[in-house]
Amino acid sequence: MATSNFIDTATIWLHAGKGGDGAVTFHREKFVAAGGPDGGDGGRGGDIIFVADDNLSTLMDFRYKRKYTAPDGENGRAKRMNGADGDDLVIRVPRGTVLKEAETDLVVADLTGSEPVVVAKGGRGGWGNSHFATPTRQIPKFAKPGLPGEDMHLKLELKVIADVGLIGFPNVGKSTLISIISAARPKIANYHFTTLTPVLGVVRVGPEQSFVCADIPGLIEGAAEGVGLGHDFLRHVERCRLLLHVVDVSGCEGRDPKADFEQINHELAGFSAELADRPQIVLGNKCDIASPEQVEEFKQYVEAKGLTFLPISAATRQGVDNLPALVYNRLKDLPPVKVYEAEYKRPDKNAQPTRPFTVERTGDHEFTVDAPWLERILAGTNVEDYESLQYFQTQLGDSGILDELVAQGVEEEDTIKIGEYEFDYLY
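No experiment lies behind these values; they were computed from the predicted model shown. (Residues numbered from 1 in each chain as written. Predicted model: local features only at pLDDT ≥ 70, side-chain atom pairs only at ≥ 80, totals over all residues. Heavy atoms only, no water.)

A.B. asks: It is not clear to me how the nonpolar core should be interpreted in this structure. Could you clarify?
C.D. replies: When a protein is soluble and globular, its nonpolar side chains tend to lie buried together. Judged by nonpolar contacts, the single largest core of 36 residues is most densely connected at Val164, Leu177, Phe211, Cys213, Leu244, Leu283 and Val327. At the level of elements, strand 9 (164-167), helix 2 (174-181), strand 11 (209-215), strand 12 (242-248), helix 4 (257-271), strand 13 (280-285) and helix 7 (323-331) are the ones that each hand at least two residues to this core. Ranked by size, the runner-up nonpolar core spans 25 residues in total, among them Ile7, Ile12, Ala52 and Leu154. (Core = buried A, V, L, I, M, F, W, Y, C linked by side-chain atoms within 4.5 Å. Buried < 20%, exposed > 50% of the residue type's maximum accessible area, 1.4 Å probe, protein only. Helix = DSSP H or I, 4+ residues; strand = E, 2+ residues; numbered from the N terminus.)

Encoded structure:
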């Protein structure tokens, strides 16, 4: 970035909370010989929620903290007491921040509204052993562990929300113009790149009539390829419904107004074809020091392209007083500010095999089973308890793992590896 104060992109890692484990407990009470299982369920892991905050204007905070983890749910307890849910982690970002899945660049959410958005969901809590009691299995010594929360590698992009964007080369008078038509007070000086961050100003047209205008830092040739400041800030033009293209019609710095006009439009098209078609009003600034012939020649050039031309002088306010009403009337006929639709879809667990697995022979008498769901069952199984092992073996049979082992030639006393666990295969 060109400045240390304004950060409009960031990459972070999200880890939603893990669900609490179910409890393996049994009712103990005086004069009650066999109270039965009473293990409670684990609590849900905390979600990670994003909220738009109008008091924020930069993603600076995310430059120093990159990993966000929501609290885990509590484990279940005796007397059928469920563990507490993990607290949700709320992350506040500037309004207009677009969240994208980093690997695919697909939009997860656009924080333009005020509704909170759940981006990463916490894991479900595991069942306590009270759920597994049956007439034939009255003393279940196992429970389900909690499920892990969702992980996500997230990219944040701040795209300012403004109806109108001021574009043009550096030092053409954009900052002076926005300071006149709105209450914005950007730093103004007679040198290039005075504006290093987008400046927003509310332009009042009437008692209940207004629009938001953004002064976009100056573009230069090659901005769409990353030259100068423009590449960093072109994204802030994307939401603008109307562009005010400010051109120094006087050519006082030895520049050609026509060449400047074409170059800026070339940079917009290089960044986004959609931006190249965005409606424009061309403002011929510094007309107070330009000759009438210069103004007229540029006016004819612009109007020949079917665009509206307005000669102004931000320094003397010539033509500026009529600008807000002209812009407001044009905005009434344009679509609302662009909102990016969510593209990213969470993996559909129901669309895949509910219990996928692979079986691989990894030695003369060794097989390795890759089945994360089975490892979670093992974590909640008491391998020294007959009923627990019986339940585990039922899962092996129902899932088709045993059939696959037999198909690959498993023999008695061969070693079966599942995650960190090892078993001998017995008929």
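A.B. asks: What am I meant to see in the sheet that holds strand 3 (residues 67-69) here?
C.D. replies: Backbone-to-backbone hydrogen bonds join strands into a sheet, with any given pair of strands oriented parallel or antiparallel. The strand order 3-1-8-5-6 describes an open sheet built from five strands, whose pairing is mixed. Every interior strand has two partners, whereas the edge strands, strand 3 and strand 6 (106-111), have only one. With strand direction ignored, the average angle separating the axes of adjacent strands in the sheet is 30°. Pairing of strand 5 (residues 97-101) with strand 8 (residues 151-158), which is carried by five bridges, proceeds in the antiparallel orientation. When the bridges of strand 8 are listed, glutamate 101 appears paired with leucine 154. (Pairing = 2+ DSSP bridges. Axes fitted to C-alpha atoms, helices over the stretch in contact; angles between N-to-C directions.)

A.B. asks: Hey, could you run me through the pairing of strand 12 in this one?
C.D. replies: Buried residues dominate strand 12, accounting for seven of its seven residues. Burial along strand 12 is two-sided: the residues Leu242, Leu244, Val246 and Asp248 and Leu243, His245 and Val247 are all buried. With four bridges connecting them, strand 9 and strand 12 associate as parallel partners. Bridge pairing in strand 12 links glycine 165 to leucine 243. As paired elements, strand 12 and strand 13 share six bridges and run parallel to each other. Its bridge partner lying in strand 13, leucine 244 is registered against isoleucine 281.

A.B. asks: I keep staring at the packing of helix 4 against helix 6 (residues 292-303) and nothing clicks. Help me out?
C.D. replies: To characterise two packed helices, one gives the angle between the axes of the helices and the distance between these axes. One can describe the packing of helix 4 onto helix 6 by two numbers: an axis separation of 10 Å at closest approach and a directional angle of 30°. With respect to helix 6, the element helix 4 is oriented roughly parallel. Handedness of the crossing formed by helix 4 with helix 6: right-handed. Mapping the contact onto sequence places Pro257, Lys258, Phe261 and Glu262 in helix 4 and Glu297, Phe298 and Tyr301 in helix 6. Split by residue class, the contact of helix 4 with helix 6 holds four nonpolar, no polar and three charged. (Parallel < 35°, antiparallel > 145°, perpendicular 65-115°, else oblique. Left-handed = near helix turned anticlockwise from the far one by under 90°. Contact = heavy atoms within 4.5 Å. Nonpolar A, V, L, I, M, F, W, Y, C, P; charged D, E, K, R; others polar.)

A.B. asks: Which parts of the structure should I look at to understand the confidence of the model for the protein chain?
C.D. replies: Interpreting fine coordinate detail is not advised for predicted regions of low pLDDT. Of all residues in the protein chain, 86% attain a pLDDT of 70 or more, and the chain-wide mean is 84. Averaged over each element, pLDDT in the protein chain is lowest for helix 3 (residues 230-233) (58) and highest for strand 3 (97). Here residues 188-195 is a poorly scored stretch, pLDDT under 50, and it has 20 contacts once near neighbours within four places are set aside; other chains count. Note that residues 221-230 has pLDDT below 50 and, in this model, 27 contacts with residues that lie over four places away or in other chains. (pLDDT = per-residue confidence, 0-100.)

A.B. asks: Please clarify how the pattern of salt bridges should be interpreted in this entry.
C.D. replies: Pairs can form between side chains of opposite charge whenever their charged atoms are close. Tallied over the entire structure, the rule returns 20 salt bridges. Residues glutamate 157 and lysine 159 are paired through a salt bridge, measuring 3.3 Å at the closest nitrogen-oxygen approach. The two residues glutamate 157 and lysine 159 agree in class, both being buried. (Salt bridge = Lys/Arg side-chain N within 4 Å of Asp/Glu carboxyl O.)

A.B. asks: Which parts of the structure should I look at to understand the packing of aromatic side chains?
C.D. replies: Both the distance between ring centres and the angle between the ring planes are used here to describe each pair of aromatic rings. Taken as a whole and assessed by the stated rule, the structure comprises six aromatic pairs. With a centroid separation of 6.3 Å and an interplanar angle of 55°, the aromatic rings of tryptophan 127 and phenylalanine 132 are classed as tilted. Looking at tryptophan 127, the relative accessible area reads 42%, which means it is partly exposed. Classification of phenylalanine 132 by relative accessible area gives buried; the value is 6%. With 5.7 Å between their ring centres and 75° between their planes, phenylalanine 298 and phenylalanine 309 make a pair best called edge-to-face. Here the residue phenylalanine 298 occupies a position in helix 6, and phenylalanine 309 occupies one in strand 14 (residues 308-311), the gap between them amounting to 11 residues. Assessed through its relative accessible area of 3%, phenylalanine 298 is described here as buried. Ring pairing ties together the aromatic residues Phe261, Phe298, Tyr301 and Phe309, which thus form one cluster. Looking at lysine 144, its charged tip hangs above the ring of tryptophan 127, at a distance of 5.1 Å from the centre. (Phe/Tyr/Trp six-rings, centres within 6.5 Å; stacked < 30°, edge-to-face > 60°. Lys NZ or Arg CZ within 6 Å of the ring centre and 35° of its normal.)

A.B. asks: Just to check I follow, could you spell out the pairing of strand 2 (residues 48-53) for this structure?
C.D. replies: One face of the sheet, then the other: side chains in a regular strand alternate in exactly this way. Extensive coverage of strand 2 is indicated by the burial of six of its six residues. Residues of strand 2 alternate between two faces, with Ile48, Phe50 and Ala52 on one and Ile49, Val51 and Asp53 on the opposite face, all of them buried. In this sheet, strand 4 (residues 89-94) lies alongside strand 2 in parallel orientation, the contact comprising six bridges. When the sheet's bridge partners are listed, alanine 52 is paired in strand 4 with valine 93. Across three bridges, strand 2 lies against strand 7 (residues 117-120) in antiparallel orientation. In the sheet register, phenylalanine 50 faces strand 7, and the bridge partner there is valine 117.

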